[in-house]
Structures are given as structure tokens and as C-alpha cells.
Amino acid sequence: MIFGVIVAGGVGTRMGANMPKQFLDLNGRPIIMHTLQAFLNCEMLEQIYMGVHPEWMGYMADLVCQHIGEKEQSRVHLVSGGAERNDTIMNVIAQIEADYGTEEAHYIITQDGVRPFVSQRLIQEHVEKVVKYNAVNTAIPAVDTIMVSKDGQVVDDIPERKYLYQVQTPQSFRMDLLKNLYSELTEDEKKILTDACKICTVRGVPVRIVMGDVTNMKITTTADFEIAKIIAKQL
């Protein structure tokens, strides 16, 4: 089966708001509901699981009832999130296994809850490629030159830009593969994880790239939110 997984377990401290950023209003609807609706619009996703901060589960359930039609609500499942992003994904995997078993291959298309402008093209391409390649990432070529500095004071390296990409989501995986790789990692290896794809690269499992979209932005700061408001009005 193919599952959509929306990761929305953060509290958004960098926004300085009185609630997690995924719940802020964006053109009449909370940010997270734009993301969820994009996933619901893709019929290739059979069920959609949302990893939500434990303290906001009730609030999220109310939002689903308010903004999503009764028929579509049956495809949406809420799961309590973990301390870190990958912990949330593992919680969702455990719930999917509890609900649908492990006898057949399952695939998960994971998306940041605060990337509300994910396109149908991206979601569909991930579904098609993850079944073939088992691990898929989204990225766009880096526009700016990127430097490396270990101490924040001195430049250590400036890699060639043509080899550099900015990572987005979705990130998609054969579910049992990701679960097994994560369980094999040491605690030190888990500490260096920046996203789910690194679980694969740490263990030498190849990850295919799907070209992303500039508009598939992550709303992290107040400046991001202002840009998102402009994009939302144009869609």
C-alpha cells in the first residue's frame, strides 16, 4: 500500500508565535491544512497519517473536522509525534504496521507539514519512483555558492556549486527498509541525522532524486511566512 505521511510534530519556536507554526492561518486556512489537502487530492495515496505533537492532537483533530469533508476524513489518521523528526516517522510506521500489518510491502511518502505548496506532480512522481527504487528524495540545484565553516568564524571549504542541491520533501521510502535501517543505527549515528534520507546514506543505500519546485518552500521564519502569504494568494 502507499501511505502519505505528514510530519507535523514540531512546536515552531523560531516563529515566535503562540502556537506551532503549522497551525498559523495562511489565506484562510491553517498551513497544515493546505499540506493535508494536497495529499488528499492525490488518489494514489491510499491513507494519510499525520505525526502530531502530543499536546496538539485534539486541536489537530478539530481542524480535520472543520476543514476536511466527512468522506475524506476517513483517510486521515493522527499519530502522536516523537522527540525528533525521525522518531515521529517511526511512530507513524509502527501505527501503520498495527493497522495494516507487515505481510505486504508498504511505501511512505513523507512531507513536512509546513511545506504547504507541494505539487501533485511531485507527489505522483514520488509514488511512481519509490515503488521502483525504494528510497527517493526531493532536491533543487543550489543557486548560491555554499561554504563550509566548522567554527562559524573561518571558511574551511567552498564546494563546487554544480554538485550541490537544496533538499526538500517529499522523501519517500519502502517502509520496512527505512525501519530496519534505522534500527541498525548506533546512537552516535542517530545524532548526525538531519533528515530521513540520511538514514539510507549512512548505510550506503542509494537514494534517487526527484527534481523539486522553488515554490515547495518550508515555512520556518517570519520572513518565510510573509513570502508564503504572497504565494498562497496567487494559487
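Here we summarise the structure given alongside this text. (Residues numbered from 1 in each chain as written. Predicted model: local features only at pLDDT ≥ 70, side-chain atom pairs only at ≥ 80, totals over all residues. Heavy atoms only, no water.)

**Brief notes about a nonpolar patch on the surface**
Move 1: Together, M147, V155 and I158 line one region of the surface with nonpolar side chains, adding up to about 290 Å² of accessible area.
Move 2: Residue placement: M147 occurs in the loop between β7 (135-141) and β8 (165-174).
Move 3: When its relative accessible area of 52% is taken as the criterion, M147 is described as exposed. (Patch = residues over 30% accessible without salt bridge, like charges linked within 9 Å, V, L, I, M, F, W, Y side chains within 5 Å. Areas by Shrake-Rupley, 256 points an atom, 1.4 Å probe, with all protein chains shown as cover. Salt bridge = Lys/Arg side-chain N within 4 Å of Asp/Glu carboxyl O. Helix = DSSP H or I, 4+ residues; strand = E, 2+ residues; numbered from the N terminus. Buried < 20%, exposed > 50% of the residue type's maximum accessible area, 1.4 Å probe, protein only.)

**A word on the packing of helix α1 (residues 31-40) against helix α2 (residues 57-67)**
Move 1: Remark: α1 packs on α2, axes separated minimally by 11 Å, with the N-to-C direction vectors making an angle of 60°. Here α1 lies oblique to α2, going by the angle between them. Relative to α2, α1 is oriented so that their crossing is right-handed. For the pair formed by α1 and α2, the contact residues are I32, M33 and L36 on the first element and M60, L63, V64 and H67 on the second.
Move 2: Residues that form the contact of α1 with α2 fall into these classes: 6 nonpolar, 1 polar and no charged. (Axes fitted to C-alpha atoms, helices over the stretch in contact; angles between N-to-C directions. Parallel < 35°, antiparallel > 145°, perpendicular 65-115°, else oblique. Left-handed = near helix turned anticlockwise from the far one by under 90°. Contact = heavy atoms within 4.5 Å. Nonpolar A, V, L, I, M, F, W, Y, C, P; charged D, E, K, R; others polar.)

**So, the layout of surface pockets**
Move 1: By volume, the second largest pocket is sized at about 260 Å³.
Move 2: Looking at the second largest pocket, the residues that line it are R115, I140, V143, Q166, V167, Q168, V214, N216, M217 and K218.
Move 3: Counting residues per element, the lining of the second largest pocket draws most heavily on β8, at 3 residues.
Move 4: Its residues assigned to classes, the lining of the second largest pocket comprises 5 nonpolar, 3 polar and 2 charged. (1 Å grid on protein atoms, 1.4 Å probe; cavity = no way out; pocket = protein on both sides within 12 Å on 5 of 7 lines; lining within 4 Å. Points joined across faces, edges and corners; volume = space filled by probe spheres on them.)

**Some points on the environment of T110**
Move 1: In this fold, T110 is placed in strand β6 (residues 107-112).
Move 2: When the C-alpha positions of T110 and M50 are compared, they lie 9.5 Å apart, and in sequence the two are 60 residues distant.
Move 3: Contacts of T110, omitting those with residues within four sequence positions, involve V5, R85, I89, T169, P170, Q171, S172 and F173.
Move 4: Engagement of the side chain of T110 in a polar contact is seen with the backbone oxygen of Q171, the distance being 2.6 Å. (Polar contact = N/O pair within 3.5 Å; in protein donor to acceptor, adjacent residues only side chain to side chain.)

**Description of the sheet that holds strand β1 (residues 2-8)**
Move 1: Ordered in space as β5-β4-β1-β6-β8-β7-β9, the 7 strands form an open sheet in which the pairing is mixed. Edge strands, defined here as strands with exactly one partner in the open sheet, are β5 (76-80) and β9 (208-211). Adjacent strand axes in the sheet meet at a mean angle of 30°, parallel and antiparallel pairs treated alike.
Move 2: Sheet topology note: the β1/β6 ladder contains 6 bridges and is parallel. In the sheet register, V7 faces β6, and the bridge partner there is D112.
Move 3: Where α1 meets the sheet, it contacts β1, β4 (47-52), β5 and β6, and its direction lies at approximately 175° from that of β1. (Pairing = 2+ DSSP bridges.)

**Things to note about the side chain of Q171**
Move 1: Inspection of the secondary structure puts Q171 in strand β8.
Move 2: Owing to a relative accessible area of 1%, Q171 belongs among the buried residues under this scheme.
Move 3: In this structure the side chain of Q171 is engaged in a polar contact, spanning 3.5 Å, whose partner is the backbone nitrogen of A196.
Move 4: If we skip the residues at most four places from it in the chain, Q171 touches R85, I108, I109, T110, H126, V136, N137, D195, A196 and C197.

**Here's the deal with the pattern of salt bridges**
Side-chain pairing between opposite charges can occur once the charged atoms of the two side chains come close.
Move 1: Applying the stated criterion across every chain yields a total of 12 salt bridges.
Move 2: D213 is the partner of R121 in a salt bridge, and the nearest nitrogen-oxygen pair spans 2.7 Å. Taken as a pair, R121 in helix α5 (residues 120-133) and D213 in the loop between β9 and α9 (222-234) lie far apart in primary sequence, 92 residues in all.
Move 3: A relative accessible area of 35% places R121 in the partly exposed class.
Move 4: The partner of K162 in a salt bridge is E160, and the shortest N-O contact between them spans 3.8 Å.

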